[in-house]
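A closer look at the structure
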Amino acid sequence: MIIARLFHCRAFNSLIQTCRRVFSISTTTSLSICPSVKLGRDIVFETHRAQVNQSSITVGSDTSIEDHVRLEAWRGSINVSNSVFIGPFTVIYGHGGVDIGERTLIAMHCRILSSNHTIPNYETPISSCPDTKSPTKLGRDVWLGAGVTILGGVEIGDGCVIGAGSVVTKSLPPGAIAYGIPAVIQGWRKGSPGDKSE
């Protein structure tokens, strides 16, 4: 299915309704999808009752979004660049803003966050406190293995490789190969700024 661009107007409401089985969308979202994007089934674009123009989701050209992916802006923004692959069941929360660089590969079941809960004193319920918004950025040509979690406020440099199942809690420089919980740099891609091999 190809969608050039969706705006907040009645003309697109019927189109959106007919596409419910392919994806779900909140019409309060500013949503821009290039015509060459490949969409799987049961994709969700959501803003959670945000006011018009408070949230935005942008998907660049030649990007593939596989089945059951959720892009939830939560009054923030999600910007996916050109030629990105987002694997099945990946969830991206845009509270504080998420930017994903071109030619990045995101494997199945990944989670990309851009906020965290405030931790109050013991007597105050955590659910009563506001989120702390923390922008998250993935550079160009990044590869996230299956089941990787990227926490809010992290910046992944260009060309990084993150091993399957890792939890990334701190920013990583370009070309780093990292894995673990929390993810730790274990090596470097050849020719990257951190590579010391001859």
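The structure this text deals with has already been given above.
The residue numbers shown here count from 1 along each chain, following its written sequence. Totals for whole chains, interfaces and linings use every residue, but because this is a predicted model, local features are given only for residues with pLDDT of at least 70 and side-chain atom pairs only at 80 or more, for both listing and counting. Hydrogens and water are ignored here; the side-chain numbers use all heavy atoms of the structure.

1. A short note on the overall build of the protein
- The helix and strand tally for the protein stands at 1 helix and 23 strands.
- Buried, partly exposed and exposed residues are distinguished by accessible area as a fraction of the type maximum, computed with a 1.4 Å probe on protein chains only: under 20%, between the cut-offs, and over 50%, respectively. The buried share of the protein, taken over its 198 residues, is 43%.
- By element, 54% of the accessible surface of the protein is carried by carbon and sulfur atoms, the whole surface being about 10400 Å². Helix and strand labels come from DSSP, where a helix needs a run of H or I of at least four residues and a strand needs a run of E of at least two; each type is numbered from the N terminus. Note on areas: Shrake-Rupley with a 1.4 Å probe; residue coverage comes only from the protein chains shown.

2. Let's talk about the pairing of strand β4 (residues 43-46)
- Of the two faces of β4, the one carrying Ile 43 and Phe 45 and the one carrying Val 44 and Glu 46 are both buried.
- Pairing analysis gives 3 bridges linking β4 to strand β7 (residues 70-72), with the strands arranged parallel. Directly across from Val 44, in β7, lies its bridge partner Arg 70. Strand pairing is assigned whenever DSSP detects at least two bridges linking the two strands.

3. Observations regarding the sheet that holds strand β9 (residues 85-86)
- Taken in spatial order, the 8 strands of this open sheet run β3-β6-β9-β12-β17-β20-β22-β23, and their pairing is mixed. Strand pairing shows two members of the sheet lacking a second neighbour, β3 (38-39) and β23 (184-188), which therefore form its edges.
- Here strand β22 (residues 176-179) pairs with β23 via 4 bridges, running antiparallel. Within the sheet, the bridge partner assigned to Ala 178 lies in β23 and is Ile 185.

4. Quick look at the sheet that holds strand β19 (residues 155-156)
- Ordered in space as β2-β5-β8-β11-β16-β19, the 6 strands form an open sheet in which the pairing is parallel. A strand with exactly one partner marks an edge of an open sheet, and here the two such strands are β2 (30-33) and β19.

5. Section: the packing of aromatic side chains
- Here is the rule: rings of Phe, Tyr and Trp (six-membered ring for Trp) pair when centre to centre is within 6.5 Å. Planes less than 30 degrees apart are stacked, more than 60 are edge-to-face, and the remainder are tilted. In this structure the tally under the stated criterion is 1 aromatic pair.
- Judged by centre distance (6.2 Å) and plane angle (75°), the rings of Trp 74 and Tyr 93 are edge-to-face. In this pair, Trp 74 is assigned in the loop between β7 and β8 (77-80) and Tyr 93 in strand β10 (residues 91-93), connecting sequence segments 19 residues apart.

6. So, unusual backbone geometry
- Each neighbour pair has its own omega, and for Ile 181 with Pro 182 the value is -5°, a cis peptide bond.
- Mapped onto the elements, Pro 182 comes out in the loop between β22 and β23.
- One non-glycine residue with positive phi stands out, namely His 68, at about 65°.
- Structurally, His 68 can be placed in the loop between β6 (64-65) and β7.

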